[in-house]
Structure formats: structure tokens, C-alpha cells
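If you want the building blocks of each chain, they are given just below.
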Amino acid sequence: YPYSWIYDEGRRVPEDYFDSALQFGRPIAIAETGMPSQRLDAFGVHYDFEPADQTRYFEFLLRKAAELDFVFVVNWAPIDFDPLLDRLPPDVRDLAAYWTYTGLQRSDGCPKLALCVWDAYLKQGQN
């Protein structure tokens with residue numbers, strides 16, 4: 001969850017993001033990741049995400065996964081869960097807010113642009 005990169009110039013994950021993991025010479029797998037597609041507030045910090053941030057993140061991540069032959073990549077939340085947020089106990093809402101909009105579909109089931117990126121990479125792996 002590389003959230004802080006959106007505040008860097010260009011709002012992009014650095015190309016060398018995986019260099020520290022690569023130095024071990026072991027296979028890489030992403031067991032859990034995600035990038036919000038909307039603004040959120042958590043623990044007193046405002047995060048100014050947009051749908052383009054999520055799309056750029058998955059374009060970067062899946063390109064790197066293909067180039068570096070990652071074992072697998074898992075996006076933590078398939079669907080946004082904003083309707084659930086108000087039902088959670090108040091003491092866990094801020095924590096849950098980090099992942100509320102990380103789905104590749106909105107909570108109403110409509111696909112986000114990042115899902116198109118995800119699906120395109122899945123098709124490449126099937127060929």
C-alpha cells in the first residue's frame with residue numbers, strides 16, 4: 001500500500017520501488033495490495049486520491065509483475081465497501097477507511113478503469 005507516493009511529483013510510484021526486494025534474489029509475490037480511487041480521511045490525515053491514481057498504480061504494479069516475473073499479485077478488496085463503513089464500530093472506522101475504496105469495482109458493482117488494466121494483464125498471462 002504505497003500511499004505516500006501520491007504526494008511526490010508526478011503522483012507515481014518510483015520505478016525502483018521493488019529494488020530492495022529484488023536484492024534478495026528470491027521470487028516476489030504480492031500477497032496483499034491496493035490503492036484507493038477516492039479521497040479519504042483516516043487518523044486525522046486527508047488523502048487526496050483520484051481514480052487515475054488507482055489506475056496508474058495498477059499499470060505500474062502489473063507491468064513490474066510481468067517484467068520481474070512475480071509469482072502472483074493479489075488486490076485485497078475486489079469491491080469497495082463504503083456502505084459497510086458506517087456499520088463498523090467507531091474505533092475501527094479510521095483503520096478500515098484506508099481500504100474502503102481499494103476495490104476494482106465500486107460498491108454498486110460498476111467496474112473502475114483499474115479493473116480494465118487488471119483484466120488486460122490477466123489475459124496476457126493466459127496466452
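This section reports on the structure supplied with the text. This is a predicted model, so every value here is computed, not measured.

**So, the packing of aromatic side chains**
Working definition: an aromatic ring pair is given by the centre-to-centre distance plus the angle between the planes. Applying the stated criterion across every chain, the model contains 11 aromatic pairs. Here Tyr47 and Phe49 contribute two aromatic rings whose centre-to-centre distance is 6.1 Å and whose plane-to-plane angle is 10°, an arrangement assigned as stacked. On the basis of relative accessibility, which here comes to 12%, the residue Tyr47 falls in the buried class. Look at Trp76 and Trp99: their rings are 6.0 Å apart centre to centre, the planes differ by 50°, and that puts the pair in the tilted class. On the criterion of sequence distance, the pair formed by Trp76 in the loop between strand 4 (73-75) and helix 3 (82-85) and Trp99 in the loop between helix 4 (90-97) and helix 5 (113-126) is long-range, its members being 23 residues apart. Since its relative accessible area comes to 41%, Trp76 is described here as partly exposed.

**Some details on the layout of surface pockets**
What the largest pocket holds in volume is close to 280 Å³. What lines the largest pocket is a set of 13 residues, and nearest its centre among them are Leu62, Ala65, Val73, Tyr121 and Leu122. Taken together, the elements giving at least two residues each to the lining of the largest pocket come down to helix 2 (51-67) and helix 5. It is helix 5 that contributes the most residues to the lining of the largest pocket, five residues altogether. Considered class by class, the residues forming the lining of the largest pocket number 10 nonpolar, two polar and one charged.

**A word on the pattern of salt bridges**
A complete count under the given rule lists eight salt bridges for this structure. Between Arg63 and Glu15 there is a salt bridge whose closest N-O contact spans 2.6 Å. Of this pair, Arg63 sits in helix 2 while Glu15 sits in the segment before helix 1 (19-22), placing them 48 residues apart in sequence. According to the relative accessible area criterion, Glu15 is partly exposed, its value standing at 45%. Salt bridges sharing common partners tie together Glu15, Arg63, Lys64 and Glu67.

Quick notes on the rules
- Residues numbered from 1 in each chain as written.
- Predicted model: local features only at pLDDT ≥ 70, side-chain atom pairs only at ≥ 80, totals over all residues.
- Heavy atoms only, no water.
- Phe/Tyr/Trp six-rings, centres within 6.5 Å; stacked < 30°, edge-to-face > 60°.
- Buried < 20%, exposed > 50% of the residue type's maximum accessible area, 1.4 Å probe, protein only.
- Helix = DSSP H or I, 4+ residues; strand = E, 2+ residues; numbered from the N terminus.
- 1 Å grid on protein atoms, 1.4 Å probe; cavity = no way out; pocket = protein on both sides within 12 Å on 5 of 7 lines; lining within 4 Å.
- Points joined across faces, edges and corners; volume = space filled by probe spheres on them.
- Nonpolar A, V, L, I, M, F, W, Y, C, P; charged D, E, K, R; others polar.
- Salt bridge = Lys/Arg side-chain N within 4 Å of Asp/Glu carboxyl O.

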